[in-house]
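The primary structure of each chain is shown beneath.
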Amino acid sequence: MSIWVFILKRIIQSLPIIVIVSIISFFLIRLSPVDPLAELKLNPAISKETLEHETQRLGLDKPVYVQYVLWAKNFIKGDMGTSVTGEAVSSKIKERVLNTLLLSFSVLFWTWAIGIPIGVIAALRYRSIYDRLLTIFSSIGMAIPSFFFAILLLIFAQKTGWFPIGGLTSANFYNMSIFEKTIDVLHHLFLPTLVLTTISLAGLSRQMRANLLDVLDSDYVKFARAKGLSNSKVIIKHALRNAINPLVTMLGFEFAGLLSGAALTEYVFQYPGLGRLILEAVLKSDINLVMASLMIGSFMLILGNIMADILLKLTDPRVRVG
């Protein structure tokens, strides 16, 4: 089976999941007690005619199942509708989706680039001082809430002035050269990436350590050592490739989980991403905006799983044979 046929097959298999997610999400949001027009109704300057017009525009005067059918038809056509503020949802999503992908890929890269070597070294130095220190720091990293850590770093940035405290770019961004723009974006990305990487790093390094310890105790590794292979060759060629496979499977869930996990971090740092947009939309019960964001999250989950499957096909010969 070629890689393109494999990808197409996985996409087709994921379509029912998207439909089920959209149905559950839509009905949960619409059946919530939060009124999308609550702010307008509290404003005495808004007339009843305006409220009726907004109710018809948002389709709130129709049954819930009719609203879903209309939303699904428009979404398939590429029309995500309008938000409660009257703005096109597609334009608001376009403003944020690239920022979220940039942050997500940045966090994934640094998490894996740092977490895998740390876990490997901890497993190879089992019960050493390094291993015990890793256990302590990883426990702290998994225990500390992301929003609390983000607030601490925000206070640190405000006190020192070493890092920007909001946004993705500086005020004079468009007057900079390409190199200066790159440095400016990386400078703004540093603190949100640090928060999310620290939280994800702890679990990944611990998982890598545990997997490698199990593999190093297996019979085929002992047999490879008995054949006289060098320690580095046994670890890299035999042990590490098998220990990393379960982590590759988790990659898809981590990629999609960053969308929800980054919401509070983005809110603290005022980062213009989808996580912050979803949080604000849920608070306002902006159904079109929430549904569009949730669909983006579903697509990120599917994309992450496809990426994980492709990597498994490249690293695990049993998957290629299957």
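What counts and what doesn't
Residues numbered from 1 in each chain as written. Predicted model: local features only at pLDDT ≥ 70, side-chain atom pairs only at ≥ 80, totals over all residues. Heavy atoms only, no water. Core = buried A, V, L, I, M, F, W, Y, C linked by side-chain atoms within 4.5 Å. Buried < 20%, exposed > 50% of the residue type's maximum accessible area, 1.4 Å probe, protein only. Helix = DSSP H or I, 4+ residues; strand = E, 2+ residues; numbered from the N terminus. Contact = heavy atoms within 4.5 Å. Axes fitted to C-alpha atoms, helices over the stretch in contact; angles between N-to-C directions. Parallel < 35°, antiparallel > 145°, perpendicular 65-115°, else oblique. Left-handed = near helix turned anticlockwise from the far one by under 90°. Nonpolar A, V, L, I, M, F, W, Y, C, P; charged D, E, K, R; others polar. 1 Å grid on protein atoms, 1.4 Å probe; cavity = no way out; pocket = protein on both sides within 12 Å on 5 of 7 lines; lining within 4 Å. Points joined across faces, edges and corners; volume = space filled by probe spheres on them. Expected span 1.5 Å × (residues − 1). Arc of directions from axis to C-beta. pLDDT = per-residue confidence, 0-100. Patch = residues over 30% accessible without salt bridge, like charges linked within 9 Å, V, L, I, M, F, W, Y side chains within 5 Å. Areas by Shrake-Rupley, 256 points an atom, 1.4 Å probe, with all protein chains shown as cover. Salt bridge = Lys/Arg side-chain N within 4 Å of Asp/Glu carboxyl O. Lys, Arg positive; Asp, Glu negative; His and termini not counted. Charge placed at Lys NZ, Arg CZ, Asp CG, Glu CD. Phe/Tyr/Trp six-rings, centres within 6.5 Å; stacked < 30°, edge-to-face > 60°.

Participant: Would you explain the nonpolar core in this entry?
Facilitator: Nonpolar side chains in soluble globular proteins tend to be buried together. Residues Trp71, Ile93 and Met291 are the most contacted members of the largest nonpolar core, which totals 24 residues. Contributing elements (two or more residues each) for this core: helix H1 (3–30), helix H4 (64–76), helix H5 (89–124), helix H13 (274–284) and helix H14 (287–315). With near-sequence residues (within four places) excluded, Ile93 lies in contact with Met80, Leu274, Leu277, Leu289, Ala292, Ser293 and Ile296.

Participant: What is the right way to look at the packing of helix H9 (residues 219–226) against helix H10 (residues 231–243) in this model?
Facilitator: To describe two helices that pack against each other, one gives the angle between their axes and the distance between the axes. For the pair H9 and H10, interaxial distance at closest approach is 10 Å and the crossing angle is 160 degrees. Relative to H10, H9 is oriented roughly antiparallel. Like other packed secondary-structure pairs, H9 and H10 cross with a definite hand, here right-handed. Contacts between H9 and H10 involve Tyr220, Val221, Ala224 and Arg225 on the former and, on the latter, Asn231, Val234, His238, Ala239 and Asn242. Broken down by class, the residue content of the contact of H9 with H10 amounts to five nonpolar, three polar and one charged.

Participant: For this particular structure, what's the right way to read the environment of Gly141?
Facilitator: For Gly141, the position within the fold is in helix H6 (residues 129–143). Gly141 sits in the buried class, given a relative accessible area of 6%. Once residues lying within four places of it in the same chain are set aside, the contact partners of Gly141 are Ile199 and Ala202.

Participant: Looking at this structure, how should I read empty space enclosed by the protein?
Facilitator: To find leftover empty space, a probe the size of one water molecule is rolled over the atoms. Within this structure, the stated rule accounts for two cavities of 30 Å³ or more. One number sums up the size of the largest cavity: a volume of about 60 Å³. What lines the largest cavity is simply Pro164, Ile165, Gly166, Gly167, His188, Leu191, Pro192, Phe269 and Tyr271. Ranked by residues supplied to the lining of the largest cavity, first place goes to helix H8 (residues 178–216) with three residues. By residue class, the composition of the lining of the largest cavity is six nonpolar, three polar and no charged.

Participant: Can you help me understand H4 in this one?
Facilitator: In an α-helix, one full turn covers 3.6 residues, which means residues spaced three or four apart are oriented alike. Under the 1.5 Å per step criterion, the end-to-end length of H4 is 18 Å for 13 residues, consistent within 8% with the ideal 18 Å. Residues Gln67, Tyr68, Trp71, Ala72 and Phe75 constitute the buried set of H4. The arc that holds every buried residue of H4, seen down its axis, measures 130 degrees, which confines them to one face. After H4 finishes, the residue Gly78 shows a positive phi value of roughly 95 degrees.

Participant: Help me understand unusual backbone geometry in this model?
Facilitator: Here Gln270, not a glycine, exhibits a phi torsion of approximately 55 degrees, which is positive. Considering the arrangement of structural elements, one finds Gln270 in the loop between helix H12 (263–269) and H13.

Participant: Please explain the confidence of the model for the protein as it appears in this structure.
Facilitator: Predicted coordinates in regions of low pLDDT should not be interpreted in detail. Per-residue confidence for the protein gives a mean pLDDT of 78, with 90% of residues at or over 70. For the protein, the element scoring lowest by mean pLDDT is helix H15 (residues 317–321), at 56; H8 scores highest, at 85.

Participant: Even after reading the chapter, I still don't get a positive patch on the surface, so can you show me in this structure?
Facilitator: Together, Lys227, Lys233, Lys237 and Arg241 give the surface a local cluster of positive charge. Note that Lys237 resides in helix H10. For Lys237, a relative accessible area of 47% gives the class partly exposed.

Participant: Can you help me understand the packing of aromatic side chains in this one?
Facilitator: Aromatic ring pairs are described here by two measures, namely the spacing of the ring centres and the angle between the planes. One pass over the structure, following the stated rule, counts seven aromatic pairs. Residues Phe27 and Tyr68 carry aromatic rings whose centres are separated by 6.2 Å and whose planes lie at 40 degrees to one another, so their mutual orientation is tilted. With Phe27 in helix H1 and Tyr68 in helix H4, this pair connects stretches of sequence that are 41 residues apart. On the basis of relative accessibility, which here comes to 26%, the residue Phe27 falls in the partly exposed class. According to the relative accessible area criterion, Tyr68 is buried, its value standing at 14%. Judged by centre distance (5.5 Å) and plane angle (80 degrees), the rings of Phe173 and Tyr174 are edge-to-face. Judged by relative accessible area, Tyr174 falls into the exposed class, the value being 71%. Put simply, the rings of Phe26, Phe27 and Tyr68 touch in pairs and so form one group of aromatic residues.

Participant: Looking at this structure, I do not really get a nonpolar patch on the surface. What am I missing?
Facilitator: On the surface, Phe147, Phe148, Ile151, Leu152, Ile155 and Leu264 cluster together into a nonpolar patch covering about 510 Å² of accessible area. Broken down by element, the residue count for the nonpolar patch peaks at five residues, all from helix H7 (residues 146–160). On the secondary structure map, Ile151 appears in helix H7.

Participant: Explain the packing of H8 against H10 to me, please; I cannot follow it from the model alone.
Facilitator: For the pair H8 and H10, the least separation of the axes is 8 Å and the interaxial angle reads 130 degrees. By the angle between their directions, the pair H8 and H10 is classed as oblique. When you trace H8 past H10, the crossing you get is right-handed. Contact residues: H8 offers Met208, Asn211, Leu212, Val215 and Leu216, while H10 offers Ala239, Leu240, Asn242 and Ala243.

Participant: Can you help me understand the environment of Arg209 in this one?
Facilitator: Along the chain, the position of Arg209 falls in helix H8. With a relative accessible area of 13%, Arg209 lands in the buried category. Between the C-alpha atom of Arg209 and that of Val120, which follows or precedes it by 89 residues, the distance is 5.8 Å. Each residue touching Arg209, except ones within four places of it in the same chain, is listed here: Gly119, Ala122, Ala123, Tyr126, Asp131 and Leu134.

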